[in-house]
Every structure is written in C-alpha cells, then in structure tokens.
Amino acid sequence: MRRQMLSLTAALAAAASLALPTAAADAAPSPAVADVPVVVPASSPDVLHLGRWDRSAAASTTVSSGSRMILRFTGAHIALLLDQSGITLPPQVYAAIDGAPPVLVSANSNRIDLTPAALPAGAHELVLAVKDVDEGGNRWNPPLRSALRVTGFEIDPGATSTPSPAPTGPRIEFLGDSITQGVRALNTQPGVTGSDATKGFAWLTGNAFGGNFRQVGFGAQGLTRPGNGNVPVVSASLTSNYRGSPIDPTYVPDAVVINQGANDALANTNPTTFRTAYEAYLRQVRALWPNAWIFAMRPFGGHMAASVAAAVPAVGDPRIVYVDTTGWVPRLQTTDDLHPSVVGHQNAARRLVKVIERRTGWQAADIDRARAGLLALGGPRGFEGSGAVTWQAGQNVSAAAPGTPAYEGSTALQVTSAAAPLGEWRTIDLTARAHLSTKAQEIFAFVRPVPARALDVRLRVVRGGRVYESAVSALPNLAAFIPWNRVAVAVLGQGRVTDVSVSVRAAGGTSTTPGLVSFVVDDLGWTDTATALTSIPVPG
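As the structure is a prediction and not an experimental result, all values here were calculated from the model.

### Topic: the pairing of strand S11 (residues 148-155)
With seven of eight residues buried, S11 is to be regarded as a mostly interior element. Sheet analysis places strand S1 (residues 38-41) next to S11, joined by four bridges and oriented antiparallel. Across the sheet, Val39 pairs through a bridge with Glu154, a residue of S11. Here three bridges tie strand S4 (residues 60-62) to S11, and the two strands are oriented antiparallel to one another. Following the sheet pairing, Thr61 is matched in S11 by Arg149. Here strand S6 (residues 78-82) pairs with S11 via five bridges, running antiparallel. Each residue of the ladder has a partner; that of Leu81, found in S11, is Gly152.

Here it is as structure tokens:
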C-alpha cells in the first residue's frame, strides 16, 4: 500500500526492519564508569552514513547538503560532537529524535546538546540531516571553510548504541546545481538561512523511494563552468566528495538523476558546446555505473532544454531517459524566478516520482500536492508591471513613522531628502488589493528593484490581530539573470488576512549619499505550506 510521507524520518524509519533495543538494554553502569559519558565515534559501525561522506578515524566530513547520519542509542541524553576548526561559514543541520519534529541546529561549536530536556528511559533513534552547507565558502579544496565535520556523539554513562539498518529501497544518486542543493528553497536570504536540502525535490523523491539516496548539488556549477566554493565543473566533481576524497565505491546507484544546464545558460555558453559536454557527461556517468537508469532532466526554467533533449538520443542508450519538466515549476512556485520554493520542490518531486515509477516499476510513497495561488494586483499582469496600473501621487504609500512625509508621487521613492534620510523605510500598503485565501500558510510578494540595485525589503502581514514580518531580505543586484525576488512570510493558523504591506529602504541604511529608491511589486500570492523559517512574529 502506498503511504504518505509524514516527517523527516518517516521514510527511513519505514525502511528499517530491525527492532529498536528494549529498555532492558539500558543496564545500570558499573560504579567505575558511572559518571563518564560514553562517546560513540563517527567511525563506529553503529553510525549509519547516508549521502556523500569522507570517513576517517578522526571524523566524518561532508560538503553536501542533504547528507544524513542515523544512530540508535539508549539513555536520556545525546550531544553532537564536531571539529569545526577552520570552518568560517558553519552549516545548519536538523536533529530529529524518535520521529519528533526536527530541531534546527547551527554547527558553530564543537559540542551541541541535542537533548536539553531529558528523554524517557529506553531506546531512541537520532536522525541528523544537513539542512545546508553554505555554497559561498570554500568547500572543495582543503582546508575547507564550508563543511560539517562530525567526530562522534556523546551519550549517558553506561548507555549503549546499536547499528541502524540501512534503507532497503533503490539507491538513487542526484547530481545537480543549487536547485538540487536546495538553495533559496525557503526564501531569498543568502547562505544557509534561505536554503534547505530537506525541502528539495531530490530529498523528497529519494525519501519517497525509501531513503537510500545521495543528494549532490553545488551552487553555480555547470558542465562548462565551475561552481561556488571552488567546486569544479561536473565532470571533475563526479567521483569526489571534495578534492582528495574519493566517493564510496560500494555505493552503486540503481538510478542517477541529473539536473544541469541552468548555470551554463546563465553564463551564455554556446548551446552546441553545451550539448557536446552533456553527451560526454552522460557517457561518463554510464561508464561509472554501467547498470543504472539515468534520468536527464530538462532544467526547470527551460535553460538548455533543446540541448539536453538532443543529447539523450544522441548517446543511444535505452536506459537513459529524457525527463521533460515543462510546466513543472511555474513562476509563482519559485522564490526568485529561478529557484523552486518549498511548494515548487514538492510538486516537482511528485512528477519526478511518477516518471521514475513508470520506467523502473519501483513503488514510491505518496507526496502531498502543495497548493499555491497568485493574486494579480491591479490587473492581469500585476501591480506596477507592464500594462498594469501605476502608482498615483500618495496612493497607498506611507512614511516609516508618523509625522514624516508620505510618498510624494515621484517616479521613485525619495529617501535621501532632509526629511527622509537614506536608511529610512518607505511602505506601500497593499491591503485593499489583497484578497488572499483563508487557508494560506505563507504570504509572498514578488519584488523587483528599479533600477537594479541592492535594497532591503520587508513584508508585513496581519492575521487575527497578530502581526508577522519577514526577516529583512536584501535584494541583490542580480537583475541580469534573476530579476525578481520573492519575499515571504509564514503566518500561523487560518483566517482572513487584514493587512499586507511591503517596505523598502536602501541596503545598508547608514550612508547619507544622495540617491533614489524605487521598487516594483508585481504580484502577491500564497501557499498552503509554510516554510517555518521565513517569519518573525512581532511582539504584541
């Protein structure tokens, strides 16, 4: 029977067939060791590694978002032991114990207590999942600056650990760029804050087939261009965890999913050059894993789609499948016109699962279809967009604080006058235009700086008398290839939204250099799935 995915650990728990040790195994320790915590090293056979890990006696290291560890243990406490020396951009990880909701942890110290409240006596299971390894730091050439380096786990004196059985589902290798990594899945904030591998299509698809997968995504990487963090082109990174660390040769995938081409297109690579490189890459993957199904995905944004579609039949391999993703991730299901949002990843994963099932005959768990709705403000093309209504002098716009001048109706928001110095917020009230679903769990707005420049943007929503504000999102000057940024805020419960506004200020907010700030709000929208990390409830 097909089943619905419920949590971070659901698929892995379902795949495990051995029973947890009983409470009787938590025997009383001898007096000699009664006060000495037990350390289970990361190299212990009791620690199950999933994903790409460099494993040594001293530590297990990963630079891949979505990598996991599972440990079964007894006792009431467990702490994560790390060696993060030299790491300047620490990753974020999720820790889930006994199927409870995962707790977000920043790997910025060498010992992290995962049980501030004692667990009940007996046996437990910890699932550690890498939410994101920051793509901005060096994560390829040792000494690494972006990585997770686990030395072990500390459990109670006298407590024990037991092996965690590996998932029994088909082995799937996901190879891709920032989209496969989960970059900007949550929101537009840079680094680990806005990124989440566990919300990505690769994670969802892999878990639907039983959790026996490796998720390998490197931001900005392509077939003809290197990635961020000193990561080389895909052909040079295929067989390494990072430079000098070969991948585990005993993990032989039954299927390989490739999602590449967006960054080559953004770098203006010649389509013929790209096609030649893509054919070579398919042959390289086939030589490495002769019996695997290979699923070559059209990039969600359609980048290099014709080249990918032509390369697959040119190789002439019946077990290499072109996956046409046209329409899988519409704009409202992205965070910035490029990277899928949580909803976009969920709906893409549902479609990918169906493709893999039809070709392989494997059976997968169901993935819920997430809903998203878009409200065009002021016309079919959006508020302030081409063909839409434009601002009128003073309309819907207020100053940051009572007593300061409102927007005076010029073509840009003037924030550098004596009355409105640079750094002061200016707000446009969208409440009269926003008729959003009572089932919305997240409200978002597509915002674009005009002209392209760095702005701070804040979205404010009121529901049920409670105010929610997005964290300040700096819109970078990326208009050449990412013209829009989706600023989002998660809202609790259900009910009518009574206030929506967007505020802007010049990024940084301290200089007195004259200048203008202008922005476009193209659309408002909502999803029935909250990302949980995009809002800050305002006290009162």
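### Comments concerning the packing of aromatic side chains
In total, this model carries 10 aromatic pairs according to the counting rule given. Between Trp293 and Phe295, the ring centres sit 6.2 Å apart and the planes meet at 20°, which makes this aromatic pair stacked. Across the pair, exposure class does not vary: Trp293 and Phe295 are buried alike. Across from the ring centre of Phe213, 3.8 Å away, lies the NZ or CZ of Arg68, which sits over that ring. The lysine or arginine in question, Arg331, covers the ring of Phe446, its NZ or CZ lying 4.1 Å from the ring centre.

### What to know about the pattern of salt bridges
Enumeration over the complete set of coordinates arrives at 12 salt bridges. Of the charged contacts in the structure, one is a salt bridge between Arg275 and Glu279, with a shortest N-O distance of 2.8 Å. With Arg275 and Glu279 both in helix H6 (residues 271-288), this residue pair falls four residues apart, about one helical turn. The class of Arg275 is partly exposed, set by a relative accessible area of 33%. Accessibility expressed as a relative area gives 14% for Glu279, which makes it buried. The partner of Arg286 in a salt bridge is Asp317, with the nearest N and O atoms 2.6 Å apart. In this pair, Arg286 sits in helix H6 while Asp317 sits in the loop between helix H7 (305-315) and strand S19 (320-323), placing the two residues 31 residues apart along the sequence. Because the salt bridges share partners, they merge into one network encompassing Arg52, Glu173 and Arg214.

### What to know about the nonpolar core
When a protein is soluble and globular, its nonpolar side chains tend to lie buried together. Counting 31 residues, the largest nonpolar core has Val256, Ile258, Tyr278, Tyr281, Leu282 and Val285 as its most contacted members. Within the residue set of this core, elements represented by two or more residues are strand S17 (255-259), H6, strand S18 (293-297) and H7. Element by element, the count of residues in this core is highest for H6, at five residues. Not counting chain neighbours up to four residues away, the residues in contact with Leu282 comprise Ile258, Ile294, Ala296, Ala311, Val312, Val315 and Ile320.

### Brief notes about the side chain of Gln215
Looking at the element boundaries, Gln215 is found in strand S14 (residues 213-217). For Gln215, a relative accessible area of 1% puts it in the buried group. A polar side-chain atom of Gln215 sits 2.9 Å from the main-chain carbonyl oxygen of Thr180. Only 3.3 Å separates the side chain of Gln215 from the backbone oxygen of Ala197, close enough to count as a polar contact. Discounting chain neighbours no more than four positions away, the residues touching Gln215 are Ser64, Ser65, Gly66, Phe174, Thr180, Gln181, Ala197, Ala202 and Trp203.

### Observations regarding the sheet that holds S14
Adjacent strands of a sheet pair through backbone hydrogen bonds, lying either parallel or antiparallel. On the basis of which strands lie adjacent, the open sheet formed by five strands has the order S14-S13-S17-S18-S19 and parallel pairing. This sheet does not close on itself; its edge strands, each paired only once, are S14 and S19. Strand after strand, the sheet turns through a mean of 15° between neighbouring axes, direction not considered. Pairing geometry for S17 and S18, over four bridges, is parallel. Of the residues in S18, the one forming a bridge with Ile258 is Ala296. The strands touched by H6 within the sheet are strand S13 (172-176), S17, S18 and S19, with S18 carrying the most contacts at an inclination of about 155°. Sheet strands touched by helix H8 (residues 342-360): S13, S17, S18 and S19. Its angle to S18, the strand with the most contacts, is close to 145°.

Conventions used here
Residues numbered from 1 in each chain as written. Predicted model: local features only at pLDDT ≥ 70, side-chain atom pairs only at ≥ 80, totals over all residues. Heavy atoms only, no water. Buried < 20%, exposed > 50% of the residue type's maximum accessible area, 1.4 Å probe, protein only. Helix = DSSP H or I, 4+ residues; strand = E, 2+ residues; numbered from the N terminus. Pairing = 2+ DSSP bridges. Phe/Tyr/Trp six-rings, centres within 6.5 Å; stacked < 30°, edge-to-face > 60°. Lys NZ or Arg CZ within 6 Å of the ring centre and 35° of its normal. Salt bridge = Lys/Arg side-chain N within 4 Å of Asp/Glu carboxyl O. Core = buried A, V, L, I, M, F, W, Y, C linked by side-chain atoms within 4.5 Å. Contact = heavy atoms within 4.5 Å. Polar contact = N/O pair within 3.5 Å; in protein donor to acceptor, adjacent residues only side chain to side chain. Axes fitted to C-alpha atoms, helices over the stretch in contact; angles between N-to-C directions.

The analysis is restricted to geometry; functional conclusions fall outside its scope.
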